[in-house]
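# Architecture at a glance
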Amino acid sequence: MSEQMKFIVAELAKPPFNKHYNLISFDSLESVQVLQIVTDVLGEIDPKQKADIRDETAEQSAIRLLNILRILKYKPKDNDMSNFRQGLVTGDKSVIYPILTWLLVKKDELKKRAYLAKFLVKIEVPPDFMQEDDIVALYSQYEDHMEQFKDLHKRSEELKKNGLSTGDIKKDIASMEEEKEHLLKRVERLKKKVESNPSATPMLNVARNLRMERDREQKLANQKQEQKNLIMHSDQRLSRLQNQLKDLRQAAVGATPEGLLQRLEEETKTNQYIVQDQLPKQVDGRKKVVQDLQQVVSEPAMGQRDLDEIQDKIRQTNSEINELIEKRMRSNDPIDDKLSLFRQQAAIIARKKEVAAENLREAREEMVKAELELEEKQTVLKESDGGEVLKGDEFKRYVNKLRSKSTVYKKKRQELHEVRAELGVLSRTQEILKQRDDHLNHHLAMVESQKGVTGYRDTQEELEMVSTKKSELDEVKGRTLDEMADMVRKLNMKIQEKKSSLAPIIKELRPMRQKSQELSAIHEEKKAAYDTLSAGLESNRSKLEQEVRGLREEVMAEESRYHYMHSMKNILELQQKRIVDEMKAYVSSDPQEKKKAFREIYTKKIQEQENLGKGLREKQKMVRENHTSNMVQMKMWKDIERLMECKQKCVKRQQADGGGGYHDDRYAGRQDDDDITGDRLIL
């Protein structure tokens, strides 16, 4: 808090605030003075916020500050909107100091945001008003303008960022000065070349006049294009008015004065009913709604006791109404019964009138939309050179015109063939004459070179050509000026005619404008009341939303705890069931049931594993005891195997040498266990 106070005091001492406080004097300020400082800082950010707190009520100041902070997108640290609003109204320093710190730190950024908020914060229109087509059209136009402003602002920011620096501008200026010097030098060189020619001065004058005439020609062409555009717009308006006149004439075909007067009387009665009966009822209804809303806003916040009292009053009033209805039904006056019948008929007729007026209004709106679409499609058709859509007798006349044009086209085509044949002859004649002209020009050039006047003929031809063009341009300009004068005179006449035709429409429009201004003033008053009510309802809504959020979190926590406990309960129930089944199987006298017990199963498995371990230990003991003798025997077998392989190799080698086999019969067939022992293996 002390660091915030130091920062706020230091920033307030700077321009444009120039408020020289110290920590003690700033901390001793009252809540009204602190709120005035917040208002001054906001007024520096947005000039519309400059105000005196003493001229406002506490509720108005709170609504104004909350609106601007919402626009500037300030978010409280604890997100407790009810405490934040209460602290803002009472000028609580724990709420005000963070706001001041945030405003002073982001002052430049917030100025830009406040400037954009003037154009980008949408005006909230009540849904009841959005039912009217005019307001919907205006609101859509308002949104389109807002999107255009966004695009233009983005382009402006990009241009500011991408703008050239002073160094780049200086470089461009230096390069342009160098180019200027080069051009001046080039112009001087060209002047020196031209001065050597004796006819340079008149030719320069002629060229200057030609350039001036071309500039004037360009200006006249632009003016002509503008006049053509004006004529095109005037023609479009004229065609639109002619179409309206044509429609009116078609509507008047076969009509009598009595019928027209009757139709006008019906329209007058209908409009009179709408203006005198329907619209005042709608206005009174909306005024009543506004009065009810203002009364609700002006009353203080109600508690549960007030609501109970109002409910009791409503019940008492309903009971009284029911009693009065019962009394009336018991009286059963015949005169009242007759009047009630007429009242019902009058109510039915009034409802029918209202429905018919509503249908008439919708039909008129649809007719206006259809006329606009028709005009748009006709303009598109004209732009695409499609012309107007013809109907009936006009189409027949158009077909007859096409037939006459087709015969004319055939004649013109025959004439075109003849002209083309003649053109071939003339083109050949032209080629021959050009060849002779070239020959004569060549001969004339040789004569000029012999006489020392080379180029005289070309210069003379150029001067004659320039004078001819100038005379032609003068004639064209004269004709153009005459045409423009006629055109301006015709346009002025048309404008006067249009003004005279629009005068009664303008007279009708003036009272409608005054009525529109009155309605706009009423709309502003209703909008202000709506904003006040909306702020109060918004504060209550945020408080209720916070309570609902807290209760939802509690519900989520309790639900998760419930699911966890339910799962633990299911697990314990399953374990309890296993224990009960085990006890039943263990206590049962049935041997089959005992076999199913986990104790018996695991005891049996343990016994099997012990027997298996015992057999493996005996095998291990036997292997250890016979290990030495088995190793010796294994060695002997390996020696026998090597000896057999050696004998086999010897026999194969002896057979390969051709010596045949070798057999000793001394010991064959004899076997004396006492005298002879076999010390070798005989094969």
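Residues numbered from 1 in each chain as written. Predicted model: local features only at pLDDT ≥ 70, side-chain atom pairs only at ≥ 80, totals over all residues. Heavy atoms only, no water.

## Looking at the overall build of the protein
This is how the line gets drawn: Secondary structure follows DSSP: runs of H or I at least 4 residues long count as helices, runs of E at least 2 residues long count as strands, and numbering of each begins at the N terminus. Any pair of residues with heavy atoms lying within 4.5 Å of one another is described as a contacting pair. Accessible surface is estimated by sampling points in the Shrake-Rupley manner with a 1.4 Å probe; for residues, cover comes only from the protein chains shown.
Secondary structure summary: the protein contains 18 helices and 0 strands in total. Considering only contacts within the protein whose residues lie at least 6 apart along the sequence, 59% involve residues at least 24 apart. Accessible area of the protein: about 57,000 Å², with a carbon and sulfur share of 56%.

## Things to note about the pattern of salt bridges
Keep this limit in mind: The working definition used for a salt bridge is a side-chain nitrogen of Lys or Arg within 4 Å of a carboxyl oxygen of Asp or Glu. In this scheme, a residue with accessible area under 20% of its type's maximum is buried, one over 50% is exposed, and one in between is partly exposed, where area comes from a 1.4 Å probe on protein chains only.
If you walk through the whole model with that rule in mind, you get 10 salt bridges. Linking R428 and E431 is a salt bridge whose minimum nitrogen-to-oxygen distance equals 3.3 Å. Taken together, the residues span about one helical turn, with R428 and E431 both in helix α14 (residues 393-451) at a distance of 3 residues. Looking at R428, the relative accessible area reads 49%, which means it is partly exposed. The class for E431 is partly exposed, based on a relative accessible area of 43%.

## Concerning the packing of helix α3 (residues 31-45) against helix α4 (residues 58-71)
A pair of packed helices is captured by two measures, namely the crossing angle of their axes and the spacing between those axes. Note the cut-off: In this analysis an axis means a line fitted to C-alpha atoms, helices contributing only their contacting stretch, and an angle means the value between N-to-C directions, from 0 to 180 degrees. Note on angle classes: values under 35 degrees are labelled roughly parallel, values over 145 roughly antiparallel, values of 65 to 115 roughly perpendicular, and the remainder oblique. Here a crossing is taken to be left-handed if its near helix is turned anticlockwise relative to the far helix by less than a right angle, and right-handed if that turn runs clockwise. Three classes are used: nonpolar for Ala, Val, Leu, Ile, Met, Phe, Trp, Tyr, Cys and Pro, charged for Asp, Glu, Lys and Arg, and polar for all others, with Gly counted as polar.
The geometry of α3 relative to α4 is characterised by a closest axis approach of 12 Å and an angle of 40° between their N-to-C directions. If you check the angle between α3 and α4, you find them oblique. Once α3 is placed against α4, the crossing between them reads as left-handed. Contact residues: L35, V38, T39 and L42 in α3; R64, L65 and I68 in α4. Looking at side-chain class alone, the contact of α3 with α4 contains 5 nonpolar, 1 polar and 1 charged residues.

## Considering helix α8 (residues 133-161)
At 3.6 residues per turn, the α-helix brings residues three or four places apart onto the same side. Spelled out, the test is: How far a helix is expected to stretch is found by multiplying one less than its residue total by 1.5 Å.
The terminal C-alpha atoms of α8 lie 42 Å apart, and with 29 residues this matches the ideal 42 Å at 1.5 Å per residue to within 8%. Among the residues of α8, those classed as buried are Y139, M146, F149, H153 and E157. Where the residues of α8 are buried, they touch α7 (107-120).

## Some remarks on the packing of helix α6 (residues 93-105) against α7
It is the contact of α6 with α7, at a shortest axis distance of 5 Å, that shows an interaxial angle of 85°. Between α6 and α7, the angle falls in the class roughly perpendicular. Residues W102, L103, L104 and V105 of α6 lie in contact with α7, whose contacting residues are K107, L110 and R113. For the contact of α6 with α7, the per-class residue count stands at 5 nonpolar, no polar and 2 charged.

## A word on a positive patch on the surface
Selection rule: Exposure above 30% relative accessible area and the absence of a salt bridge qualify a residue for a patch, where like charges join within 9 Å and nonpolar side chains (Val, Leu, Ile, Met, Phe, Trp, Tyr) within 5 Å. Neither His nor the chain ends contribute to the count of charged residues, in which Lys and Arg are positive and Asp and Glu negative. By convention, charge coordinates are those of NZ in Lys, CZ in Arg, CG in Asp, or CD in Glu.
Residues K185, R186, R189 and K193 make up a contiguous surface patch of positive charge. Position of R186 relative to the elements: it lies in helix α9 (residues 166-195).

## Points about the state of the cysteines
Under the convention used in this document: Disulfide assignment relies on a single distance test, namely cysteine sulfur atoms paired within 2.5 Å.
Counting across every chain of the model gives 0 disulfides. In this structure C646 is a free cysteine whose sulfur lies 4.4 Å from that of C650, the closest cysteine sulfur available. When its relative accessible area of 44% is taken as the criterion, C646 is described as partly exposed. Owing to a relative accessible area of 39%, C650 belongs among the partly exposed residues under this scheme.

## Focus on the confidence of the model for the protein
We count it as follows: The predictor's confidence in any single residue is recorded as pLDDT, a number from 0 to 100.
Overall, the predicted model of the protein reaches an average pLDDT of 77, with 86% of residues at or above 70. When pLDDT is averaged over each element of the protein, helix α18 (residues 627-657) comes out on top at 90 and helix α16 (residues 591-596) at the bottom at 68. Confidence drops under pLDDT 50 across residues 660-683; counting only partners more than four residues distant or on other chains, this segment forms 10 contacts.

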